[in-house]
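Below, each chain spelled out in residue letters.
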Amino acid sequence: MQYQTAFTAQDFASNLTRVRSRIDEAARKVGREGSEIRLLPVSKTVPEQRLRVAIGAGCHQLGENKVQEALRKYRALADEDVRWSIIGHLQTNKARDVVSFADEFHALDSLRLAEALDRRLQVAGRGLDVYVQVNTSGEQSKYGLSQEELPGFLTQLTAFSSLRVKGLMTLALFTADVERVRECFRLLRRLRDTVRETAPDLIGDGGLSMGMSGDYEIAIEEGATVVRVGQAIFGERSTPDDHYWPTGSSGNS
Ligand SMILES: *Cc1c(COP(=O)(O)O)cnc(C)c1O
């Protein structure tokens, strides 16, 4: 798929309107309300100048994969009305940076990291909304817990009172095979449903952070409550995806 680079407020407004209406349409198709679904614009690689235009067009929460890039933008855009979501794998030694500015974190996948975040958060006297990342594609290279590890992990997370678990997050398989993509999303929903039935206190709102530019409509059909959309709003990225997560191939089409 080709995504035009958005430069002007008009470009951003029309991209946002288009994505939003597709979200609403996908929701309607399965009897859901579009208003149940949060659109999280993902701004990685997009320079600050264009982010100011995007914020002006209504992007008041932005997702970034890498903490250093996010922190740099946070500082450069401190005068703007914008909050930051870290959506990519995090090393334990970056916990302090996340705590210093991030609003939410979508890729929690280890107890060591949970412990490091909680320790920093307690010192800072604040909490953090988190989504637990699950590897639903079965690819060795993908980050995230296995489905078998999830229940025990959620139980152990209760030790970290500053982490507010909002739900689960996943990246689907990168393939043009829609049914295999759908299976990943469906698995995440099933895991969420099971926890809801057996231990509802462990999963907060039971949110599902899943779906990106190439597959957010499928994710919504399968129950996504947050879609993380970059290229369909900002335009094509030149950086290959394997810069952001280990994968055999790059691109998701
Ligand atoms: C970049 C990224 C996205 C958005 O991908 P697009 O193809 O730009 O929509 C979603 N989730 C994560 C974890 C990402 O790093």
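For the structure itself, look to the data block above.
Now for a quick tour of the structure. What you see is a predicted model, and the numbers here were worked out from it, not measured in a lab.

Some thoughts on the site of the ligand
Part 1 of the argument: Close to the ligand lie Val-42, Lys-44, Asn-65, Ile-87, Met-212, Ser-213, Arg-228, Val-229, Gly-230, Gln-231, Arg-237 and Trp-245.
Part 2 of the argument: Between an oxygen atom of the ligand and a side-chain N or O atom of Arg-237, the distance comes to 2.7 Å.
Part 3 of the argument: In the complex, the protein chains occlude 99% of the 380 Å² of accessible area that the ligand would expose alone.
Part 4 of the argument: Of the residues in the shell around the ligand, the class split is 5 nonpolar, 4 polar and 3 charged.

Section: helix H5 (residues 111-124)
Part 1 of the argument: Helix length check: H5 (14 residues) gives 20 Å between terminal C-alpha atoms against 20 Å at 1.5 Å per residue, within 8%.
Part 2 of the argument: Residues of H5 that are buried sit in contact with helix H4 (95-101), strand E4 (104-108), strand E5 (128-133), helix H6 (150-157) and strand E6 (163-169).
Part 3 of the argument: With its phi angle positive at about 70°, Gly-125 sits one or two positions after the end of H5.

Concerning the side chain of Ser-213
Part 1 of the argument: Along the chain, Ser-213 falls in the loop between strand E7 (207-209) and helix H8 (216-221).
Part 2 of the argument: Judged by relative accessible area, which is 11%, Ser-213 ranks as buried.
Part 3 of the argument: Reaching out from Ser-213, the side chain makes a polar contact with the backbone nitrogen of Gln-231 at a distance of 3.2 Å.
Part 4 of the argument: In contact with Ser-213, other than residues within four places in its own chain, are Tyr-3, Arg-228, Val-229, Gly-230, Gln-231 and Ala-232.

Here's the deal with the packing of aromatic side chains
Part 1 of the argument: The tally for this structure, following the rule as stated, stands at 2 aromatic pairs.
Part 2 of the argument: Both rings, one in Phe-12 and one in Phe-234, keep their centres 5.5 Å apart while their planes meet at 70°; by these two values the pair is edge-to-face. Of the two residues, Phe-12 is situated in helix H1 (residues 9-29) and Phe-234 in helix H9 (residues 231-234); the sequence distance between them amounts to 222 residues.
Part 3 of the argument: Taking 5.1 Å as the distance between ring centres and 35° as the angle between the ring planes, the aromatic pair formed by Tyr-74 and Phe-101 counts as tilted. In this pair, Tyr-74 is assigned in helix H3 (residues 67-76) and Phe-101 in helix H4, connecting sequence segments 27 residues apart.

Brief notes about the environment of Ile-23
Part 1 of the argument: Structurally, the position occupied by Ile-23 is in helix H1.
Part 2 of the argument: Apart from residues no more than four positions distant in its own chain, Ile-23 is found in contact with Gly-34, Ile-37, Leu-39, Tyr-216, Ile-220 and Val-227.

Concerning H1
Part 1 of the argument: For H1, which comprises 21 residues, the first-to-last C-alpha distance of 30 Å matches the rise-based estimate of 30 Å (1.5 Å per residue) to within 8%.
Part 2 of the argument: Looking at H1, one finds that the buried residues are Phe-12, Asn-15, Leu-16, Val-19, Ile-23, Ala-26 and Ala-27. In an axial view of H1, the angular spread of the buried residues amounts to 105°, which keeps them on one side of the axis. Among the exposed residues of H1, those oriented more than 90 degrees off its buried face are Gln-10, Thr-17, Arg-28 and Lys-29.
Part 3 of the argument: Considering only its buried residues, H1 is in contact with strand E1 (38-41), helix H2 (48-56), H8, strand E8 (226-229) and H9.
Part 4 of the argument: At the exit of H1 stands Gly-31, carrying a positive phi of roughly 75°.

Comments concerning the packing of H2 against H3
Part 1 of the argument: At a minimum axis distance of 11 Å, the contact between H2 and H3 shows a crossing angle of 65°. The orientation of H2 with respect to H3, classified from their angle, is roughly perpendicular. When you trace H2 past H3, the crossing you get is right-handed. Contacts between H2 and H3 pair Glu-48, Leu-51 and Arg-52 from the former with Arg-72, Lys-73 and Ala-76 from the latter.

Quick look at the pattern of salt bridges
Part 1 of the argument: With the rule as written, the count across this model stands at 21 salt bridges.
Part 2 of the argument: A salt bridge links Arg-38 to Glu-104; the nearest nitrogen and oxygen atoms lie 3.0 Å apart. You can see Arg-38 sitting in strand E1 and its partner Glu-104 sitting in strand E4, a full 66 residues away along the chain.
Part 3 of the argument: Look at Arg-38 and you get partly exposed, because its relative accessible area is 29%.
Part 4 of the argument: As a salt-bridge pair, Glu-48 and Arg-72 come within 3.0 Å of each other at their nearest N and O atoms. Taken as a pair, Glu-48 in helix H2 and Arg-72 in helix H3 lie far apart in primary sequence, 24 residues in all.
Part 5 of the argument: Classification of Glu-48 by relative accessible area gives partly exposed; the value is 22%.
Part 6 of the argument: Given the relative accessible area of 47%, Arg-72 is considered partly exposed.

Conventions we followed
- For every chain, the first residue of the written sequence is number 1, and numbering continues from 1 along that sequence.
- Totals for whole chains, interfaces and linings use all residues, but because this is a predicted model, local features are given only for residues with pLDDT of at least 70 and pairs of side-chain atoms are given and counted only at 80 or more.
- Note that water and hydrogens are dropped before the side-chain values are worked out from all heavy atoms of the structure.
- Proximity criterion: a residue is near a molecule or strand once any of its heavy atoms comes within 4 Å of it.
- Definition of a polar contact: a pair of N or O atoms within 3.5 Å, with one able to donate and the other able to accept a hydrogen when the atoms are protein atoms, and with sequence-neighbouring residues admitted only if both atoms are side-chain atoms.
- With residues, only the protein chains shown are counted as cover, and all accessible areas are computed by Shrake-Rupley using a 1.4 Å probe.
- Ten residue types, Ala, Val, Leu, Ile, Met, Phe, Trp, Tyr, Cys and Pro, are classed as nonpolar, four, Asp, Glu, Lys and Arg, as charged, and the remainder, Gly among them, as polar.
- Note on conventions: DSSP H or I runs of at least 4 residues are helices, E runs of at least 2 residues are strands, and numbering of each starts at the N terminus.
- By definition here, a helix of n residues has an expected span of 1.5 Å times n minus one.
- Residues are treated as being in contact if the distance between any of their heavy atoms lies within 4.5 Å.
- Accessibility here uses a 1.4 Å probe with only protein chains present; expressed as a share of the type maximum, an area under 20% marks a residue as buried, one over 50% as exposed, and anything in between as partly exposed.
- Stacked, edge-to-face and tilted are the three classes for Phe, Tyr and Trp ring pairs, Trp counted by its six-membered ring, which pair at centre distances within 6.5 Å; planes under 30 degrees apart are stacked, over 60 edge-to-face, the rest tilted.
- The arc refers to the directions leading from the helix axis to the C-beta atoms.
- Axis definition: a line fit to C-alpha positions, over the contact stretch in the case of helices; interaxial angles, taken between N-to-C directions, run 0 to 180 degrees.
- Roughly parallel covers angles under 35 degrees, roughly antiparallel covers those over 145, roughly perpendicular covers 65 to 115, and oblique covers all other angles.
- By convention the crossing between two helices is left-handed if the near helix lies anticlockwise of the far one by an angle smaller than a right angle, and right-handed if it lies clockwise.
- When a carboxyl oxygen of Asp or Glu lies within 4 Å of a side-chain nitrogen of Lys or Arg, that pair is called a salt bridge.

Interpretation note: all reported values are geometric properties and have no functional meaning in isolation.
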